[in-house]
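# Tertiary structure, described
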Amino acid sequence: MQVNCILTGVGGQGTVLAAQLIAGAAMRRGIPVRTAETIGMAQRGGHVVSHVRLGGAYSPLVPRASADLLIGFEPAEAVRCYPYLKQGGAVVVAAKAVKPVSASLGGVDYTAADMIAFLSERAGNVVVVDGDAVCKEAGSPKVLNMALLGAACETGLLGLSLQDIQNAFEARLRPALHEMNRRALFAGARAVR
């Protein structure tokens, strides 16, 4: 099994941690994995892209038009990374726009609905997650990454289960954060169903 995944968002949304959890879950199952990140203008507020390749890839970077799954923490960032998605690939995207610093400084105006419409017209298989609702249900605004991972697992394209991701975050995060992240993970999966 080989799975190419791109995760993209704005710095501070937990994109890099989500990629590390996918990699950790894969390693725990004995699946070879390679990762790489590109982080924009600043850690908080800049463009972030993580490449995750499960199953025998030689390079950590996902080639254009070969991602099985694009996980967009921010709709415009998902559009920016759309060229990585392969024909028949799927997009899991948060419903809320969070403008990166570059867009704010450049005076660029857009709505999440416009970006999601662009993705839906081109990708076909698009799952939109109401991150605000899931975060409210989980009890924290900081668990969007878990909600999107839950939705990604539920698509079946990631090749990992919800339990795999839960095991990965329980090995990495302090115990006080486990229940909140578990609620977000499973709420994200329910958003797909």
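Now for a look at the structure at hand. Residue numbers restart at each chain and count upward from 1, following the sequence in its written direction. It should be noted that, the model being predicted, local features are given only for residues of pLDDT at least 70 and side-chain atom pairs only at 80 or more, the latter also being counted only at that level, while totals for whole chains, interfaces and linings use all residues. Heavy atoms throughout the structure, all of them, feed into the side-chain values; hydrogens and water do not.

## Some thoughts on the packing of helix 6 (residues 144–155) against helix 8 (residues 178–192)
Packing of helix 6 against helix 8 leaves a shortest axis separation of 6 Å and a crossing angle of 45°. Classified by the angle their axes make, helix 6 and helix 8 are oblique. The handedness of the crossing between helix 6 and helix 8 is right-handed. Between helix 6 and helix 8, the residues in contact are M146, A147, L149, G150, A151 and E154 and N181, A184, L185, G188, A189 and V192, respectively. Lys, Arg, Asp and Glu make up the charged group, whereas Ala, Val, Leu, Ile, Met, Phe, Trp, Tyr, Cys and Pro make up the nonpolar group; the residues left over, Gly among them, are polar. When grouped by side-chain class, the residues that make up the contact of helix 6 with helix 8 number eight nonpolar, three polar and one charged. Comment: axis = line fitted to C-alpha atoms, over the contacting stretch for helices; angle = value between 0 and 180 degrees taken between N-to-C directions. Where helices and strands are cited, they refer to DSSP runs of H or I of at least four residues and of E of at least two residues respectively, numbered from the N terminus. Each angle gets one of four labels, with under 35 degrees taken as roughly parallel, over 145 as roughly antiparallel, 65 to 115 as roughly perpendicular, and the rest as oblique. Handedness of a helix crossing follows the sense of rotation of the near helix relative to the far helix, less than a right angle counterclockwise being left-handed and clockwise being right-handed. Pairs of residues are marked as contacts when any of their non-hydrogen atoms sit within 4.5 Å.

## Focus on the sheet that holds strand 5 (residues 85–94)
Note on sheets: strands pair through backbone hydrogen bonds, and any given pair is parallel or antiparallel. In this analysis, strands are considered paired if DSSP registers two or more bridges between them. With mixed pairing, six strands are arranged side by side in an open sheet as 2-3-1-4-5-6. At either end of the open sheet lies a strand with only one pairing partner, and these are strand 2 (33–39) and strand 6 (125–129). Mean inter-strand twist for the sheet, computed between neighbouring axes without regard to direction, equals 15°. Here strand 5 runs beside strand 6; their pairing, made up of five bridges, is parallel.

## A closer look at the environment of R183
As for its position among the elements, R183 is in helix 8. You can call R183 partly exposed: its relative accessible area is 31%. Through-space distance from the C-alpha of R183 to that of G139 is 8.5 Å; in sequence the pair is 44 residues apart. When sequence neighbours within four positions are dropped, the list of residues in contact with R183 reads E137, A138 and G139. At 2.5 Å, the side chain of R183 and the backbone oxygen of A138 are in polar contact. Remark: exposure states derive from per-residue accessible area (1.4 Å probe, protein chains only) relative to the maximum for the residue type, with buried under 20%, exposed over 50%, and partly exposed in between. In the analysis that follows, any N or O atom pair within 3.5 Å is treated as a polar contact, provided that within protein one partner can donate a hydrogen and the other can accept it, and provided that, for residues neighboring in sequence, both atoms belong to side chains.

## Regarding the pattern of salt bridges
In what follows, salt bridge is the name for a side-chain nitrogen of Lys or Arg lying within 4 Å of a carboxyl oxygen of Asp or Glu. Going through the model one piece at a time under the given rule, you end up with eight salt bridges. The partner of R80 in a salt bridge is E77, with the nearest N and O atoms 2.9 Å apart. One end of the pair, R80, and the other, E77, are both in helix 2 (residues 75–80), three residues apart, so they sit about a helical turn from each other. Judged by relative accessible area, R80 falls into the partly exposed class, the value being 44%. Judged by relative accessible area, E77 falls into the buried class, the value being 1%. A salt bridge links R190 to E137, with the shortest nitrogen-to-oxygen separation between them at 2.3 Å. With R190 in helix 8 and E137 in helix 5 (residues 131–138), this pair connects stretches of sequence that are 53 residues apart. For R190, a relative accessible area of 41% corresponds to the partly exposed category. The exposure class assigned to E137 is partly exposed, which follows from its relative accessible area of 46%. Connected through shared salt-bridge partners, E179, R182 and R183 make up one network.

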